[in-house]
Amino acid sequence: MDQREKHLTRRDYYVLGSLLFGLFFGAGNLIFPIHLGQLAGKGWITATIGFLLSAILLPLLAIIAISVTRSDSMYDLARPVSRRFASFFLLTTHASLGLLIASPRTATVTFEIGVVPFIPKGTETISLAIFSFLFFLATFLLASNQQKITLYVGKLLNPMFLLLLTFIFFWALVIKGDLTHVPFVSAANSIGGLTNGFLQGYNTMDALAGLGFGVTIVNALKYMGVHNEGAQSRAIAKIGLFSMSLETIIYTFLIMLGAVSLRYTSMSANGGLAFGQIMEHYTGLIGTALLAALTLLACLTTAIGLITSLAQDLSRRFPRVQYRTFLLGTTVGAFLIANIGLTQIIAFSTPLLMLLYPLAISLIVLGILQPLIHQNATIYRTTIYLVLIPAIFDFIHALPPVFAKLTVVKACNHFAQQFFPLFKDGLDFLPFMLIGLIVGLGLVALQREPKQNSVE
């Protein structure tokens with residue numbers, strides 16, 4: 001073992017867990033649970049279970065999969081399928097996280113929740129340009145020094161965020177007494193059912209982000225003196241469990257707040273508006289300012305994590321280009337896309353998520369099973385290629401309404417509804433994943449049988 005090898009203390013685990021939580025928890029993690037709580041109403045408990053499965057369990061499994069397979073990036077995780085698929089998955093996932101959707105969304109959500117209430121009407125376009133420039137400038141500067149990311153996010157920004165969020169929960173549920181008005185009657189067949197909660201968890205994009213943030217945590221461990229791969233794997237599992245446990249508590253309270261809010265406000269168009277109404281109800285203008293600060297902290301930490309993981313992965317995959325070059329290019333790209341507007345970003349994010357999530361979930365499952373299947377190429381390929389079929393149909397089905405009238409889109413939707421039992425629920429990839437695993441295992445067994453007979 002390297003002489004510089006360090007054994008992490010409890011405080012180190014706390015800081016790294018705080019870092020991972022800060023990287024994960026952005027504005028989307030605030031607004032989507034709130035909106036889900038409103039949609040679910042009395043069925044919020046069932047919805048919470050579904051949401052936690054995709055927004056907590058999947059990201060945790062993603063981190064563990066990176067740890068178990070000892071991957072340096074999500075490229076390594078997907079490599080057993082093929083080099084081309086691994087490159088496709090790496091570039092597409094990071095493009096959606098660090099460039100096209102998640103990173104621009106951190107700026108636009110912060111602007112709409114925290115800035116728009118304080119600016120004159122008609123100045124939104126120029127104000128967004130100025131704000132997003134300052135936002136991504138701060139993101140670039142904070143992410144430029146990889147060794148300082150743990151300090152900035154884990155020790156400074158994230159504790160401030162948690163203090164503000166704790167104050168909001170305490171004020172709403174204890175001081176205002178709304179804890180006694182939380183509905184506890186589950187409505188399994190409501191819009192906030194288990195399946196809807198699961199699909200709403202896709203919007204956090206955390207299962208995809210977990211594949212990138214796991215690498216960020218590995219780098220943080222190296223900077224802290226943990227170089228042994230076995231020690232890194234064990235540390236990542238503990239850090240991920242700590243971070244996801246904290247998120248579980250927060251998600252549950254946020255969904256609860258959304259459900260309770262129906263007592264004093266009507267259903268909102270989205271979670272951002274709902275959160276603004278909730279804060280105004282409890283604390284007035286002070287609440288709006290608190291929400292602005294809360295959103296800024298949440299989005300800034302997540303933006304740092306997204307562009308950092310992208311730059312780290314791509315610089316490792318293409319070593320001729322330096323980390324700071326990828327970082328600068330990603331930051332500039334995210335700034336430009338952010339100025340398209342939040343509505344357009346969200347409209348085009350759903351199809352990509354419906355394509356990437358089935359693939360990501362399948363790779364996570366295969367990674368967890370690595371001790372049993374040993375990254376066998378046959379098993380990986382049968383599983384991923386079968387899952388790719390419903391994922392493509394889900395992508396087509398989720399395209400913005402402007403595409404719905406196209407003949408090819410109508411034909412694909414009709415075909416999928418006829419032959420994919422779980423198509424309407426968005427879970428049609430699950431039987432394909434299971435069949436792929438079984439077929440892959442069967443093919444491997446057949447490949448081994450002739451060798452055993454020849455030995456006999």
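S.K.: Is there a simple way to explain the overall build of the protein in this structure?
M.R.: In terms of regular secondary structure, the protein is built from 18 helices and zero strands. Within the protein, the proportion of its 456 residues that are buried is 56%. Total accessible area on the protein stands at roughly 20000 Å², and carbon and sulfur atoms take up 66% of it.

S.K.: Can you walk me through unusual backbone geometry in this structure?
M.R.: A negative phi angle characterises most non-glycine residues, just as the trans form characterises most peptide bonds. In the Ramachandran plot, Met205 falls in the positive-phi region, its phi being about 65 degrees despite a non-glycine side chain. Mapped onto the fold, Met205 is located in the loop between helix H9 (194–200) and helix H10 (206–223).

S.K.: I would appreciate a short explanation of the side chain of Thr383 in the present structure.
M.R.: Looking at the element boundaries, Thr383 is found in helix H16 (residues 377–397). A polar atom in the side chain of Thr383 sits 3.4 Å from the backbone nitrogen of Leu437. Once residues lying within four places of it in the same chain are set aside, the contact partners of Thr383 are Ser362, Leu366, Met433, Gly436 and Leu437.

S.K.: Can you help me understand a nonpolar patch on the surface in this one?
M.R.: Taken together, the side chains of Ile126, Ile130, Phe133, Leu134, Leu137 and Leu141 make up a nonpolar region of the molecular surface, amounting to roughly 600 Å² of accessible area. With respect to the secondary-structure elements, Phe133 resides in helix H7 (residues 124–144). Using a relative accessible area of 47% as the deciding quantity, one classes Phe133 as partly exposed.

S.K.: How should I be thinking about the packing of helix H1 (residues 10–24) against H10 in this particular structure?
M.R.: Two measures define how a pair of helices packs: the angle their axes make with one another and the distance between the axes. As a packed pair, H1 and H10 sit with axes 10 Å apart at the nearest point and diverge in direction by 145 degrees. Seen from above, H1 lies across H10 with right-handed handedness. Residues Leu16, Leu19, Leu20, Leu23 and Phe24 of H1 lie in contact with H10, whose contacting residues are Asp206, Ala209, Gly210, Phe213, Thr216, Ile217, Ala220 and Leu221. Among the residues forming the contact of H1 with H10, the class breakdown is ten nonpolar, two polar and one charged.

S.K.: Is there a simple way to explain the environment of Pro401 in this structure?
M.R.: Assignment of secondary structure puts Pro401 in the loop between H16 and helix H17 (407–419). Linking Pro401 and Ala347, residues 54 residues apart in sequence, is a C-alpha distance of 9.1 Å.

S.K.: How should I be thinking about the nonpolar core in this particular structure?
M.R.: Grouped together as the largest cluster of nonpolar side chains are 139 residues, with contacts concentrated most on Leu30, Phe89, Phe161, Leu211, Leu221 and Leu363. No other element matches the 19 residues that helix H12 (residues 271–317) contributes to this core. Filtering out sequence-adjacent residues up to four positions away, Phe161 remains in contact with Phe21, Phe25, Leu30, Leu294, Leu297 and Ala298.

S.K.: Explain the packing of H16 against H17 to me, please; I cannot follow it from the model alone.
M.R.: Look at H16 against H17: their axes get within 9 Å of each other, and the N-to-C directions meet at 130 degrees. In terms of axis orientation, H16 runs oblique to H17. Judged by the twist between their axes, the crossing of H16 over H17 is left-handed. Contacts between H16 and H17 pair Phe393, Ile396 and His397 from the former with Val409, Cys412, Asn413, Phe415 and Ala416 from the latter. Residue classes in the contact of H16 with H17 are distributed as six nonpolar, two polar and no charged.

S.K.: Can you help me understand the environment of Ile368 in this one?
M.R.: You can see Ile368 is positioned in helix H14 (residues 342–368). Under the relative-accessibility criterion, Ile368 is labelled partly exposed at 29%. Distance from Ile368 to Thr69, taken between C-alpha atoms, is 7.8 Å for residues 299 residues apart in sequence. Beyond its immediate chain neighbours, meaning those up to four positions away, Ile368 contacts Leu61, Ile64 and Ala65.

S.K.: Would you mind going over H7 with me for this structure?
M.R.: Every α-helix winds through 3.6 residues per turn, so residues three or four apart in the chain are directed the same way. Between its first and last C-alpha atoms H7 spans 29 Å; for 21 residues at 1.5 Å apiece the expected length is 30 Å, and the two agree. Among all positions in H7, only Ser127, Leu128, Phe131, Ser132, Phe135, Phe136, Thr139, Phe140, Ala143 and Ser144 are buried.

S.K.: Looking at this structure, how should I read the packing of aromatic side chains?
M.R.: For any two aromatic rings, the description comes down to two numbers: the centre-to-centre distance and the angle of the planes. Applying the stated rule across the entire model yields 15 aromatic pairs. Ring plane angle 80 degrees and centroid distance 5.2 Å describe the contact between Phe420 and Phe432, whose orientation is recorded as edge-to-face. On the criterion of sequence distance, the pair formed by Phe420 in the loop between H17 and helix H18 (429–455) and Phe432 in helix H18 is long-range, its members being twelve residues apart. Phe432 shares its class with Phe420; the two are buried.

S.K.: Please explain the confidence of the model for the protein as it appears in this structure.
M.R.: Residues shown with low pLDDT carry predicted positions that ought not to be read at fine detail. Averaged over every residue, the pLDDT of the protein is 81; residues scoring 70 or more account for 89%. Across the protein, H16 holds the top mean pLDDT of 93, while helix H8 (residues 149–175) sits lowest at 69.

So, how was this worked out
Residues numbered from 1 in each chain as written. Predicted model: local features only at pLDDT ≥ 70, side-chain atom pairs only at ≥ 80, totals over all residues. Heavy atoms only, no water. Helix = DSSP H or I, 4+ residues; strand = E, 2+ residues; numbered from the N terminus. Buried < 20%, exposed > 50% of the residue type's maximum accessible area, 1.4 Å probe, protein only. Areas by Shrake-Rupley, 256 points an atom, 1.4 Å probe, with all protein chains shown as cover. Polar contact = N/O pair within 3.5 Å; in protein donor to acceptor, adjacent residues only side chain to side chain. Contact = heavy atoms within 4.5 Å. Patch = residues over 30% accessible without salt bridge, like charges linked within 9 Å, V, L, I, M, F, W, Y side chains within 5 Å. Salt bridge = Lys/Arg side-chain N within 4 Å of Asp/Glu carboxyl O. Axes fitted to C-alpha atoms, helices over the stretch in contact; angles between N-to-C directions. Left-handed = near helix turned anticlockwise from the far one by under 90°. Nonpolar A, V, L, I, M, F, W, Y, C, P; charged D, E, K, R; others polar. Core = buried A, V, L, I, M, F, W, Y, C linked by side-chain atoms within 4.5 Å. Parallel < 35°, antiparallel > 145°, perpendicular 65-115°, else oblique. Expected span 1.5 Å × (residues − 1). Phe/Tyr/Trp six-rings, centres within 6.5 Å; stacked < 30°, edge-to-face > 60°. pLDDT = per-residue confidence, 0-100.

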